[in-house]
Amino acid sequence: AQRVTQPEKLLSVFKGAPVELKCNYSYSGSPELFWYVQYSRQRLQLLMRHISRESIKGFTADLNKGETSFHLKKPFAQEEDSAMYYCALSGSGPGQNFVFGPGTRFSVLP
Amino acid sequence: EAQVTQNPRYLITVTGKKLTVTCSQNMNHEYMSWYRQDPGLGLRQIYYSMNVEVTDKGDVPEGYKVSRKEKRNFPLILESPSPNQTSLYFCASRREVTDTQYFGPGTRLTVL
C-alpha cells in the first residue's frame, strides 16, 4: 500500500535559518514524489516533483530510495516561505491513487 | 487560461439536503480527483476518475457519489449530507497517472 508520512505537524525556524521538511514514504514500486505548497487561503500548488530535479524558490528535494525519503530543503528560510507543505506520492500503475502526507505547517519567524 | 474551477466556493446547508459541488477543467486531463482537507488530517482522497465513465473509490468515499459523463466535468454529490462532512473540498486534475495535479480553489462546506 502507498503511504506518506511527514513527522512534523508544525515546524518553525527563524528567518535565514536552514530548512528541512521531512517526508518518508512506503511503496513497493517506483514512485513519483511531489511537494505541494498551500499558502494561506489559497489552493494547493506544485512546488516540485522529483523527476524534474529543479530548484524552485530556493528549495531542493532529493529522492533517497534507500531511506525511502524525499526531504525538502532550503539553505536560508524567508518569511514568504511560511505555508502548509504536503509531500505526495503517485504510483506508476494504472488506477494508482495519489496519496498525500498529513502536511507540515511551516512558519518562518522574523 | 488552464484551470480547474469549482462551484460553489462556499456553502452552508442542513443535514439531509442533497447537494452537488461541480468541478470542471479545461486542460483535457484524463484523471480527476476529489479531496477533503481537515485540520490535522491533511488531504484525503474521496473518489477519483481515470476517464469518462471510469471512477473508483479513494480513502474516504462513504457518503459521497461522483459521476464522469464528460471528460471536463467531475461533480461531487452528497445525497444526504451530515455534519461530519463539514470540510474544505478540493477538486484536482492531471494529464496522466503520475503527472502533476492541478487543484481547484476549494469549496468550504458547512453542514448544520
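Report on the accompanying structure.

Cut-offs used in this document
Residues numbered from 1 in each chain as written. Chains lettered and ligands numbered in written order. Predicted model: local features only at pLDDT ≥ 70, side-chain atom pairs only at ≥ 80, totals over all residues. Heavy atoms only, no water. Contact = heavy atoms within 4.5 Å. Buried area = accessible area lost by both parts, 1.4 Å probe. Salt bridge = Lys/Arg side-chain N within 4 Å of Asp/Glu carboxyl O. Polar contact = N/O pair within 3.5 Å; in protein donor to acceptor, adjacent residues only side chain to side chain. Helix = DSSP H or I, 4+ residues; strand = E, 2+ residues; numbered from the N terminus. 1 Å grid on protein atoms, 1.4 Å probe; cavity = no way out; pocket = protein on both sides within 12 Å on 5 of 7 lines; lining within 4 Å. Points joined across faces, edges and corners; volume = space filled by probe spheres on them. Nonpolar A, V, L, I, M, F, W, Y, C, P; charged D, E, K, R; others polar. Pairing = 2+ DSSP bridges.

With that settled, the discussion passes to the interface of chain B and chain A. Contacts between the two partners involve 23 residues from chain B and, on the opposite side, 21 residues from chain A. Of the roughly 1800 Å² buried at the junction of chain B and chain A (both faces included), carbon and sulfur atoms supply 50%. Its largest share of buried area at the contact with chain A, chain B owes to B:Leu43, B:Thr98 and B:Phe103, together 29% of the area lost on that side. Inspection of the chain B/chain A interface yields 0 salt bridges. In this structure, the connection of chain B to chain A is made through 5 residue pairs in polar contact (both at pLDDT 80 or more). Those elements that place two or more of their residues in the side of chain B that touches chain A are strand E4 (31-38), strand E5 (42-51) and strand E9 (87-94) of chain B.

A separate point is the layout of surface pockets. One way to see where empty space is left: roll a probe the size of a water molecule over the atoms. There is about 700 Å³ of room inside the largest pocket. Around the largest pocket sit 27 residues that line it, and A:Gln38, A:Arg105, B:Gln37, B:Leu88 and B:Arg108 are the ones nearest its centre. Looking at the lining of the largest pocket, the elements with two or more residues in it are strand E9 (83-90) of chain A together with E4 and E9 of chain B. Across the lining of the largest pocket, the residue classes break down as 11 nonpolar, 10 polar and 6 charged. What the second largest pocket holds in volume is close to 230 Å³. Every element with two or more residues in the lining of the second largest pocket is listed here: strand E1 (3-5) and strand E10 (98-100) of chain A together with E5 of chain B. Classifying every residue of the lining of the second largest pocket gives 8 nonpolar, 5 polar and 3 charged.

Residue and element names in this part refer to chain A. The strand order across the open sheet formed by 3 strands is E3-E8-E7, and the pairing between neighbours is antiparallel. One side of each edge strand has no neighbouring strand; the edge strands of this open sheet are strand E3 (19-21) and strand E7 (60-61). Relative to strand E8 (residues 72-74), E3 is paired through 3 bridges, and the arrangement is antiparallel. By the bridge assignment, Glu20 is partnered in E8 with Lys73.

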